[in-house]
Amino acid sequence: MSRQLLDPDKFINIIENIKTLCHFISLNNHKLIKEWVSMLMELYISDFAIIDHMNIEFSSGLNILSGETGTGKSILINALNLVMGQRAATEWIREGKSNADVSAVFEIKGNKKISGLLKENNIDADHTLIIRRILSKNGKHKVFVNDRPVSLSFLNAMAMDIVSIANQNEHQALLKPDMQLLIIDKYGGLDKERQNFTIFFNEVHAIQKEIKRLKKQEVSRDERRELLQFQAREIDELGILPDEDNMLVQERQRLANALRLSEAARQGFTLLYGVEGSMSEQLASFGTQLERLLNIEPSFKVFAENLNNIRFQIDDLARGLDHYSENTVNDPVRLNEVDERLQAIKGLTKKYGGSIEALLKKRVSIFNEFSQIETCTQNIEEFEKSFYEKGGMLLKSAYKLSEKRHNISRELAKEICQELAGLSMKGAVFQLDFKKFEAAGGQEYISINEECVGPHGMDEVVFMFSANIGEPPKDMSKVASGGELSRLLLALKGRLAEVDAVPTVIFDEVDVGIGGIAANMVGEKLSALAEKRQVICITHLPQIASRRGRHFKVDKVVENGRTLSNVALLDDNGRVEEISRMLGGDHITKNTIEHARDMLKHGDIITLTGI
C-alpha cells in the first residue's frame, strides 16, 4: 500500500494552526493570571462631545484602538482624562443635552495602595473601583468614587496610581527639565525621599521668608520708632484721664452759669433762714405752740417730733445753700482754661480715634508695637540661628539626594540605550547631563553656603541625545525629531513600568513620525510592555495594530442628521479588514488583505515567541 505524501501548502497551514493553538493556550493561561491584576475593565461614556452612548470593555494585556482621523479617538482620551481628574468643561457636553456622564470601572484587587486609600476615606471597595464624572450645563460638575461624592483633588491624587497616559503633550513635557528630574526620581524609587525633601525645604524656606520680612521691617525701624515716640509723647503730655471730657463739660456749665447759680442759692437761703419771719422761724414758733398743748392732747407729741425733724433738715439745707452761694464765684480765667482743655482733648481724640477710649487704646497699641520693634533684632538672630542649623541639614540632604540621582542616571542611561537599540535606533546615545541648580526667574530657592537649593534638591538635569553614530549627544529638546521622541517616550515608559506601580499605561498616537522597521520594533516593545501592564494604544500604524490583543475600531456615522462616534470590538475578519484599510487607505485590494493576514499571523508568532 503506497503512502500518500502531504501537500507542502497543507503542511504549512497545519504548522500555522499549531502555532495559533499554542498561542491561544498561552494567551488564555496568561489571561487567567492577569485577571487578578489591577486594570481598567470598562469605560462608559454618555452624551460626551459626539458620543451618544458608548461602552468599551478592555482586557488585560494589549488593547488597540484604531480608526480614521476625526472619528473620535481623541474624545476617548479626553473622557479618560476626565475620570483621571482633569478639569471639566461644559463644551464637552453633547449639543442639546444638559449633562454628560463618564464612568470607568477598575479591578483593584492587586492594588493595595488604592484599596488602602479608599479604606482611609471610608469608601467601600470590594476589589472594584468605579470613578464617575457628571458634567452639567450649569457648571455644577460632580465627582463620585464608588457612589460616594469626592473632591477633584482627591481624585487627582488617587489617579496617579491607576493610569498613566502618554500622548503628544507628554512629548513636550518630556523636554522640560523638571519632568526629566521627576523621571529619574521615579525610576530610582526616590518618590518618598523627594517628597520629604520638599516638605523640609518648605519649612526652611518659610524661615528664610520670615528673616527677610523682619530685616525689611528693621530697615524702617528707626523711622517707625521715631513716629511712635512722637505719638506716645503727644498723648502722654496731655495726660488725659478716662471720661475727662464729660467732667469738663459739666464744669464748664457751672462756670458759664456761676452768677445764676449763686443767686438762686442766696434766694433759697434767705427764704429758709436768712430774714425775719423766715420759714425756719415760723416753724420754730409753731413748734412752741404744739409743746404747750401736749398736756391737753398727748398725741401732739408725734407732730412736735416730726416738726423738729423738718426744722433740722431745713436748717441743713439753708446752710448748704449759703455755703454754695459764698463759694460760687464768676471765674472767667478758669472758664477759659476749661475751654482750652476741651479743645485740646477734642483735637487729639479726633486724630487718634474720635474718643478718649479710642485714644487710650491707641496708646496701648503704640506701646506694644514699640516693644516688638525693640525685640526685632533679637528675633532676627534667633531665626538666623534656626535657618543656618536647618539649612545645613537641608544642604546635606540635597547632596545625598544628588548622589543617588547621579548613580541612578548612569543605570537609566544604559538601559534606555538598550531599549532604543531594540527600537531600530542602535546607534543612538542617551545621556543625562547634571548641573547645580540655579535660581530661575520666579522660582523659589534657598542659598546656603553659596549653594543654591530648590524645592526638589540642588540638581538640574538635561536629557542628552544623539541618533547618529559619531555625533556627540546634545540637548534632546533641540535635536530629537517627533519620531525619535515617540520612541524615547516608549523606552522610558518601558523602563518605568519595571518600578512604577501604575497598572494601566495608555499611549495616544505616540507612534507619530515612525514607520517601517521602527514601527515593527515599537509594536514588539508594546507587546512586551503588555506582558507586565495593561496597555491601551491608539495608533495609525498597521505594524502596531496587528499585535495580539483586543482591537477596537472607532468610526463616525450620521443618524437623523447628527454625527455620532461609535466603537466596535473587531473579530478576526474585522481586524483583517481594518488593517487592510490602514495599509491601503480607501484602495483595498486582494494584496492588502493578504498582507493584513500575514501581519496578523506575524504578530501572533512574535507574541508567542516572546512569552
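The structure we're discussing is the one just above.
Along each chain, numbering runs from 1 in the same order as the chain's sequence is written. For this predicted model, a pLDDT threshold of at least 70 governs which residues receive local features, and a threshold of 80 or more governs which side-chain atom pairs are given and counted, while totals over whole chains, interfaces and linings are taken from all residues. Only heavy atoms go into the side-chain values, all of them from the structure, while hydrogens and water stay out.

Asker: Would you take a moment to explain the nonpolar core for this structure?
Answerer: One finds Leu394, Leu420, Phe430, Leu432, Met476 and Phe507 to be the most contacted residues of the largest nonpolar core, which totals 66 residues. The set of buried Ala, Val, Leu, Ile, Met, Phe, Trp, Tyr and Cys residues whose side-chain atoms join them within 4.5 Å is what this entry labels a nonpolar core. With a 1.4 Å probe rolled over the protein chains alone, any residue whose accessible area is under 20% of its type maximum counts as buried; one over 50% counts as exposed, and the rest are partly exposed. Judged by nonpolar contacts, the second largest core, of 47 residues, contains Ile45, Phe48, Leu80 and Leu135.

Asker: What exactly am I supposed to notice about the side chain of Ser46 here?
Answerer: Each helix corresponds to a stretch of at least 4 residues labelled H or I by DSSP, and each strand to a stretch of at least 2 residues labelled E; elements are numbered beginning at the N terminus. Along the chain, Ser46 turns up in strand E1 (residues 39–48). Definition of a polar contact: a pair of N or O atoms within 3.5 Å, with one able to donate and the other able to accept a hydrogen when the atoms are protein atoms, and with sequence-neighbouring residues admitted only if both atoms are side-chain atoms. At a separation of 3.2 Å, a polar atom in the side chain of Ser46 contacts the side chain of His53. With near-sequence residues (within four places) excluded, Ser46 lies in contact with Ile51, Asp52, His53, Ala100 and Asp101. Contact definition: two residues touch when any of their heavy atoms are within 4.5 Å.

Asker: Would you mind going over the environment of Val249 with me for this structure?
Answerer: Here Val249 shows up in helix H9 (residues 244–256). Note: C-alpha distance between Val249 and Leu342 (93 residues apart in sequence) is 7.8 Å.

Asker: Would you take a moment to explain empty space enclosed by the protein for this structure?
Answerer: Which parts of space are left empty comes out when a probe the size of a water molecule is rolled across the atoms. Grid points spaced at 1 Å over the protein atoms alone were grouped into cavities, where a 1.4 Å probe fits but cannot get out, and pockets, open sets with protein on both sides within 12 Å along at least five of seven lines, with lining residues defined by an atom within 4 Å of a point. Grid points are joined across faces, edges and corners, and a volume is the space filled by probe spheres set on the points. The full count for this structure, using the stated rule, is 1 cavity of 30 Å³ or more. Of the volumes computed, that of the largest cavity is approximately 50 Å³. Along the walls of the largest cavity sit Leu43, Ile56, Phe58, Leu65, Leu76, Ile77, Leu80, Ile506, Ile536 and Ile538, which together make up its complete lining. Sorting the residues of the lining of the largest cavity by element identifies helix H2 (73–83) and strand E15 (534–538) as the ones contributing at least two each. Considering every element that reaches the lining of the largest cavity, the biggest residue donor is H2, with 3 residues. Note on residue categories: nonpolar means Ala, Val, Leu, Ile, Met, Phe, Trp, Tyr, Cys or Pro, charged means Asp, Glu, Lys or Arg, and polar means any other residue, Gly included. The class makeup of the residues in the lining of the largest cavity is 10 nonpolar, no polar and no charged.

Asker: Could you clarify how one ought to interpret the sheet that holds strand E4 (residues 99–107) in this entry?
Answerer: As a general point, the strands of a sheet are linked pairwise by backbone hydrogen bonds and lie either parallel or antiparallel. If you trace the 6 strands from one edge of the open sheet to the other, you get E2-E1-E4-E5-E6-E7, paired in antiparallel fashion. Sheet topology places strand E2 (51–57) and strand E7 (148–149) at the edges, where each strand pairs with a single neighbour. Two strands pair when backbone bridges link them, and E1 and E4 are joined in this way by 7 bridges, in the antiparallel orientation. Residue pairing in the sheet places Tyr44 in a bridge with Ser103 of E4. Contacting strand E5 (128–136) and strand E6 (142–145), helix H4 (residues 152–159) runs over the sheet at an angle of about 140° to E5. Any two strands are treated as partners once DSSP identifies two or more bridges connecting them. Each axis is a line fitted through C-alpha atoms, taken for helices only over the stretch in contact, and angles between the N-to-C directions span 0 to 180 degrees.

Asker: Please explain the sheet that holds strand E8 (residues 163–166) as it appears in this structure.
Answerer: Strand order in the open sheet formed by 6 strands is E8-E14-E15-E3-E16-E17, and the pairing between neighbours is mixed. Only two strands of the sheet have a single partner each, and these edge strands are E8 and strand E17 (562–569). Ignoring which end each strand starts from, the neighbouring axes of this sheet average 20° apart. Note: strand E3 (residues 62–66) against strand E16 (residues 550–559), 4 bridges, orientation parallel. Pairing of Ser66 across the sheet is with Lys553, part of E16. In this fold helix H18 (residues 516–530) packs onto E3, strand E14 (504–508) and E15, with an angle of close to 150° to the strand it touches most, E15.

Asker: I tried to follow the packing of aromatic side chains on my own but got confused; where do I start?
Answerer: Each aromatic ring pair is summarised here by two numbers: the centre-to-centre distance and the angle between the ring planes. Geometry of aromatic contacts follows a simple scheme: Phe, Tyr and Trp rings, the Trp one being its six-membered ring, pair when their centres are within 6.5 Å, and the pair is stacked under 30 degrees between planes, edge-to-face over 60, tilted otherwise. A complete count under the given rule lists 6 aromatic pairs for this structure. When the ring of Phe300 is compared with that of Phe303, the centres are 5.7 Å apart and the planes differ by 50°; the resulting orientation is tilted. Highlighted residues: Phe300 and Phe303, both in helix H12 (residues 300–327), separated by 3 residues, approximately one helical turn. Under the relative-accessibility criterion, Phe300 is labelled partly exposed at 24%. Between Phe430 and Phe463, the aromatic rings sit 5.1 Å apart at their centres with planes inclined by 70°, giving edge-to-face as the arrangement. Placement of Phe430 in strand E9 (residues 429–436) and of Phe463 in strand E12 (residues 459–466) is noted, with a sequence separation of 33 residues between them. We classify Phe430 as buried; its relative accessible area is 2%.

Asker: Help me understand the pairing of E14, please; the structure alone is not making it clear to me.
Answerer: Consecutive residues of a regular strand have side chains that alternate between opposite faces of the sheet. Here E14 lies mainly inside the structure; 5 of its 5 residues are buried. Where burial is concerned, the two faces of E14 agree: the one with Thr504, Ile506 and Asp508 and the one with Val505 and Phe507 are both buried. Relative to E15, E14 is paired through 5 bridges, and the arrangement is parallel. Among the inter-strand pairings, Ile506 is bridged to a residue of E15, identified as Ile536.

Asker: Honestly, unusual backbone geometry in this entry has me stumped. Any pointers?
Answerer: Most peptide bonds are trans, and most residues other than glycine sit at a negative phi. Unlike most non-glycine residues, Asp47 shows phi in positive territory, near 55°. The residue Asp47 is located in strand E1 in this model. Positive phi outside glycine occurs at Asn449, with the angle close to 50°. Locating Asn449 in the fold gives a position in the loop between strand E10 (446–448) and strand E11 (451–453). Owing to a relative accessible area of 62%, Asn449 belongs among the exposed residues under this scheme.

Asker: What exactly am I supposed to notice about the packing of helix H8 (residues 221–238) against helix H14 (residues 356–374) here?
Answerer: Packed helices, taken two at a time, are described by the angle between their axes plus the distance between the axes. For the pair H8 and H14, interaxial distance at closest approach is 10 Å and the crossing angle is 150°. It follows from the interaxial angle that H8 and H14 lie roughly antiparallel. Pair H8 / H14 crosses with left-handed handedness. Taking contact as the criterion, the partners of Arg221, Arg224, Arg225, Leu228, Gln229, Gln231, Ala232, Ile235 and Asp236 in H8 are, on H14, Leu359, Lys362, Arg363, Ile366, Glu369, Phe370, Ile373 and Glu374. For the contact of H8 with H14, a count of residues per class yields 7 nonpolar, 2 polar and 8 charged. Our angle categories are set so that under 35 degrees counts as roughly parallel, over 145 as roughly antiparallel, 65 to 115 as roughly perpendicular, and the remainder as oblique. Left-handed describes a crossing in which the near helix is turned anticlockwise from the far one by less than a right angle; the clockwise case is right-handed.

Asker: Which parts of the structure should I look at to understand the pattern of salt bridges?
Answerer: If charged atoms from side chains of opposite charge come close, those side chains can pair. A carboxyl oxygen of Asp or Glu within 4 Å of a side-chain nitrogen of Lys or Arg is what we treat as a salt bridge. Summed over the entire model, instances satisfying the criterion amount to 25 salt bridges. Residues Lys404 and Glu193 are paired through a salt bridge, measuring 2.8 Å at the closest nitrogen-oxygen approach. On the criterion of sequence distance, the pair formed by Lys404 in helix H15 (residues 376–421) and Glu193 in helix H7 (residues 191–219) is long-range, its members being 211 residues apart. For Arg581, the salt bridge identified is with Glu578, shortest N-O distance 2.7 Å. You can see Arg581 and its partner Glu578 sitting in helix H20 (residues 572–584), 3 residues apart, about one turn around the helix. For the pair shown, Arg581 and Glu578 are each scored as buried.

Taken by themselves, the reported measurements are silent on function.
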